[in-house]
Amino acid sequence: MRNLTLTSLQTLANDQTVLCTKVEPIKDFIDGRYVEPVKGQKYECVLTGNGYDKITIKTEEIFSSITMEMIESNNGAIPVEVSNFVCKIYADRKTGNLLVSAKASTVQPAIVDSNQNNLLFTN
């Protein structure tokens, strides 16, 4: 099987709405523990238009513009916009199972149009 690369999160999500449910820093794991410095951020997102599948998106952002407090105060999920999304879908060489690797330059809270309750993507 050949690798598949997608550059549109909305295509993968089958919708404009992508919800972030968790964010955590990426650190190196050395001698049985995580060590500083922070290497990036890991965002767990839900694809609402695709059966609520989950995807983890990694960035090289040292500081996240989204906090767990923001997510928790918004019923556990906030709409996000993702810049420069690249997703690779490939088969595991040993098992043949499909795997997904997703990266982006940034993940930020989406701007919500309060008049029509629609998400406005700035990209």
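Going by the structure above, here's the rest.
What counts and how
Residues numbered from 1 in each chain as written. Predicted model: local features only at pLDDT ≥ 70, side-chain atom pairs only at ≥ 80, totals over all residues. Heavy atoms only, no water. Helix = DSSP H or I, 4+ residues; strand = E, 2+ residues; numbered from the N terminus. Contact = heavy atoms within 4.5 Å. Pairing = 2+ DSSP bridges. Axes fitted to C-alpha atoms, helices over the stretch in contact; angles between N-to-C directions. Buried < 20%, exposed > 50% of the residue type's maximum accessible area, 1.4 Å probe, protein only. Polar contact = N/O pair within 3.5 Å; in protein donor to acceptor, adjacent residues only side chain to side chain. Disulfide = S-S within 2.5 Å. Phe/Tyr/Trp six-rings, centres within 6.5 Å; stacked < 30°, edge-to-face > 60°.

Draft legend 1. Expanded view of the environment of Asp53. In this structure, Asp53 sits in strand E4 (residues 53–59). A C-alpha to C-alpha distance of 8.4 Å links Asp53 and Ala13, two positions 40 residues apart in sequence. Once residues within four sequence positions are removed from consideration, Asp53 is found in contact with Cys45, Val46 and Leu47.

Draft legend 2. Representation of the sheet that holds strand E8 (residues 106–109) in the model. Taken in spatial order, the eight strands of this open sheet run E1-E6-E7-E4-E3-E2-E5-E8, and their pairing is mixed. The sheet is open, and its two edges are formed by strand E1 (4–6) and E8, each paired on a single side. Strand-to-strand twist of the sheet, defined as the mean angle between neighbouring strand axes without regard to direction, takes the value 35 degrees. Sheet topology places E4 next to strand E7 (residues 98–103); two bridges connect them, and they run parallel. If you follow Lys58 over to E7, its bridge partner there is Lys103.

Draft legend 3. Summary view of the pairing of E4. Pairing geometry for strand E3 (residues 33–47) and E4, over seven bridges, is antiparallel. Residue pairing across strands places Leu47 opposite Asp53, the latter belonging to E4. Here E3 folds back onto E4 in antiparallel fashion, the turn holding five residues, of which Gly51 has a positive phi close to 70 degrees.

Draft legend 4. Up close: the environment of Asn84. With respect to the element layout, Asn84 can be found in the loop between strand E5 (78–83) and strand E6 (86–91). For Asn84, a relative accessible area of 60% puts it in the exposed group. Taking C-alpha positions, Asn84 is 7.3 Å from Thr7, a pair spaced 77 residues apart along the chain. Not counting the four nearest positions on each side in its chain, Asn84 is found in contact with Lys103, Ala104 and Ser105. Of note is the side chain of Asn84, whose polar atom sits 2.8 Å from the side chain of Ser105.

Draft legend 5. Unusual backbone geometry, seen in detail. For the peptide bond that leads from Glu36 to Pro37, omega is 5 degrees, which places it in the cis range. Structurally, Pro37 is set in strand E3. The phi torsion at Asp31 lies on the positive side, around 50 degrees, for a residue other than glycine. Structurally, Asp31 is set in the loop between strand E2 (18–30) and E3. Of note in the backbone geometry, Asn84 takes a positive phi value of approximately 55 degrees without being a glycine.

Draft legend 6. Here's a closer look at the state of the cysteines. Summed over all chains, the structure comprises zero disulfides. Unpaired in this structure, Cys20 has its nearest cysteine sulfur neighbour in Cys45, at a distance of 4.6 Å.

Draft legend 7. Representation of the packing of aromatic side chains in the model. The full count for this structure, using the stated rule, is one aromatic pair. With 4.8 Å between their ring centres and 65 degrees between their planes, Phe29 and Tyr34 make a pair best called edge-to-face. For the pair shown, Phe29 and Tyr34 are each scored as exposed.

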